Amino acid sequence: MNTYEADTLPTSTEPDIDPRLLRAFLAVAREGHFGHAAAGLGIAQPALSRQVRRLERLLGTDLLIRTPRGAELTEAGRTVVPEAERALAHNRRLVRAARSVAEAGAGVLTISAPMPSPPGGLLAEAVRRLWSGRARTRVSVVELRDGQQAAALADGRVDAVLTWDPPVTDGLATEVLVEERTSALLAQGHPRAGAELMSLAALGAQAVLFPVRERSHCWAQLDAVATAEGVGITPVPTAPSAVADLVAAGLGVSAVPGSFRFAGYPGVTFVPLEGLSGTMSVVWRRDDASRAVAGFVAACREAARSLAAAHGDVWRLPEAAGPLALRAGADTEPTPAA
């Protein structure tokens, strides 16, 4: 028969708190806005509001003040934030510990990356290197919008993120991997299909099919460079998986990572865009000391160097090449050892 210390048993004044309620509250606390937090979590705003109100009822105090511009933490809310973060971190450790036993040492790594990801690109090469080692880590790949990545890492839905837009949040580490040239995606019969370079002005003169919602950072970068050159580009919002087919059908053009040329999309061609590139980084939880994550970061680093050496016209190492593990408000620290 099991026995318990008296203070381990919940009392009528100590309600059990659903971790989902803590995630909802922390999302609003981070964003300062219910709408932005709901978008980041991928749920409807009314549902998020109900979760926060339920948590407040359970705790018997207001955690947030609703304002016309968003939401602000109360004194109680500021006190609860670090405790909620610790509770979720403990929950993640519990799950990882149980899974490590259940899997008998076989690691399972969940990664978020921009999709579609071409064969021979950074994701594919990093996973191939990860699998070439003795510990054949099982990998699950999911796709998140730019604004969802920090929350997904914080609550343990993903273990690492490959991204064009690394979230700057306390508790996360980032390593800049490689710069990738951006290309115009054109139908094979397009008048500029054989050009060596294409200007943003020529791109903007046509219908530009672009996944604005899913790749908000990439769109903001493209728009900023175009604006600086006095070019106006109006996007046609398009799902990432549909861009190549629609361009091949002659319904518009697009701007994509240069590595997409390795995917073998039929009916399209690639022309480098003048002066435009993106930077890919890997992000993980700073307190995650697992071998699987350390191995993936090391594999990403090796893949970036190999790709830059083999295809210098597409990839190049950033000027500050090497480990750049950063955290908002913290000094630089080394990345996890492989």
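Every value quoted in this text rests on a predicted model; they were computed, and no experiment measured them.

1. A closer look at the overall build of the protein chain
Counting secondary structure elements, the protein chain contains 10 helices and 11 strands. Burial status across the protein chain gives 42% buried among its 338 residues. Of the contacts formed within the protein chain by residues at least 6 apart in sequence, a portion of 75% connects residues at least 24 apart. With an accessible surface of roughly 17,400 Å², the protein chain has 53% of that area assigned to carbon and sulfur atoms.

2. Here we look at the side chain of R129
Tracing the sequence through the fold places R129 in helix 5 (residues 122-132). In this structure R129 touches A299, E302, A303 and S306, once residues within four positions along its chain are discounted.

3. A few points about the packing of aromatic side chains
Evaluation of the coordinates by the stated rule reveals three aromatic pairs. Between F260 and Y265, the ring centres sit 6.2 Å apart and the planes meet at 45°, which makes this aromatic pair tilted. Geometrically, the ring pair formed by F262 and W315 is stacked, given 5.9 Å between the ring centres and 15° between the ring planes. Separated by 53 residues along the polypeptide, F262 in the loop between strand 9 (254-257) and strand 10 (268-285) and W315 in strand 11 (residues 315-316) bring together distant segments of the chain. The exposure class assigned to F262 is partly exposed, which follows from its relative accessible area of 27%.

4. Let's talk about the pairing of strand 3 (residues 108-112)
Counting buried residues in strand 3 gives four out of five residues, a clear majority hidden from the surface. Of the strand pairs in this sheet, strand 3 and strand 4 (residues 138-142) are connected by five bridges, and their pairing is parallel. The partner of L109 across the bridge, within strand 4, is V139. As paired strands, strand 3 and strand 5 (residues 160-163) are joined by two bridges and run parallel to one another. In the sheet register, I111 faces strand 5, and the bridge partner there is A160.

5. As for the confidence of the model for the protein chain
In the predicted model, the protein chain carries a mean pLDDT of 83, and 85% of its residues have values of at least 70. Long-range and interchain partners of residues 320-338, a stretch whose pLDDT sits below 50, account for 39 contacts in this model, where long-range means more than four residues apart.

6. Topic: the pattern of salt bridges
Under the defined criterion, the tally for this structure stands at 14 salt bridges. For D155, the salt bridge is made with R157, and the minimal N-O distance between the two is 3.0 Å. On the basis of relative accessibility, which here comes to 11%, the residue D155 falls in the buried class. In this structure R157 comes out as partly exposed when scored by relative accessible area, which is 39%. Between R213 and E214 there is a salt bridge, with the nearest N and O atoms lying 3.8 Å from each other. For R213, a relative accessible area of 58% translates into the label exposed. Judged by relative accessible area, which is 16%, E214 ranks as buried. Counted as one network, the salt bridges with shared partners bring together R23, D155 and R157.

7. As for unusual backbone geometry
Residues M115 and P116 are joined by a peptide bond in cis, for which omega reads 0°. Among the structural elements, P116 can be located in the loop between strand 3 and helix 5.

8. Describing a positive patch on the surface
A cluster of basic residues, R50, R53, R54 and R57, forms a positive patch on the protein surface. In this structure, R57 sits in helix 3 (residues 45-59). You can call R57 exposed: its relative accessible area is 60%.

9. Comments concerning the packing of helix 1 (residues 19-31) against helix 2 (residues 34-41)
The contact between helix 1 and helix 2 brings their axes to 8 Å, and the two run at 125°. Looking at the two axes, helix 1 sits oblique to helix 2. Helix-helix and strand crossings are classified by hand; for helix 1 and helix 2 the assignment is right-handed. Here R23, A24, A27, V28 and E31 of helix 1 come into contact with helix 2, specifically with F34, H36, A37 and L41. Tallied by class, the residues present in the contact of helix 1 with helix 2 amount to six nonpolar, one polar and two charged.

10. Comments concerning empty space enclosed by the protein
Rolled over the atoms, a probe with the dimensions of a water molecule shows which regions are left empty. Counted according to the given criterion, the structure contains one cavity of 30 Å³ or more. One number sums up the size of the largest cavity: a volume of about 40 Å³. In the lining of the largest cavity, the residues fall into five nonpolar, three polar and two charged.

Conventions adopted
Residues numbered from 1 in each chain as written. Predicted model: local features only at pLDDT ≥ 70, side-chain atom pairs only at ≥ 80, totals over all residues. Heavy atoms only, no water. Helix = DSSP H or I, 4+ residues; strand = E, 2+ residues; numbered from the N terminus. Buried < 20%, exposed > 50% of the residue type's maximum accessible area, 1.4 Å probe, protein only. Contact = heavy atoms within 4.5 Å. Areas by Shrake-Rupley, 256 points an atom, 1.4 Å probe, with all protein chains shown as cover. Phe/Tyr/Trp six-rings, centres within 6.5 Å; stacked < 30°, edge-to-face > 60°. Pairing = 2+ DSSP bridges. pLDDT = per-residue confidence, 0-100. Salt bridge = Lys/Arg side-chain N within 4 Å of Asp/Glu carboxyl O. Patch = residues over 30% accessible without salt bridge, like charges linked within 9 Å, V, L, I, M, F, W, Y side chains within 5 Å. Lys, Arg positive; Asp, Glu negative; His and termini not counted. Charge placed at Lys NZ, Arg CZ, Asp CG, Glu CD. Axes fitted to C-alpha atoms, helices over the stretch in contact; angles between N-to-C directions. Parallel < 35°, antiparallel > 145°, perpendicular 65-115°, else oblique. Left-handed = near helix turned anticlockwise from the far one by under 90°. Nonpolar A, V, L, I, M, F, W, Y, C, P; charged D, E, K, R; others polar. 1 Å grid on protein atoms, 1.4 Å probe; cavity = no way out; pocket = protein on both sides within 12 Å on 5 of 7 lines; lining within 4 Å. Points joined across faces, edges and corners; volume = space filled by probe spheres on them.

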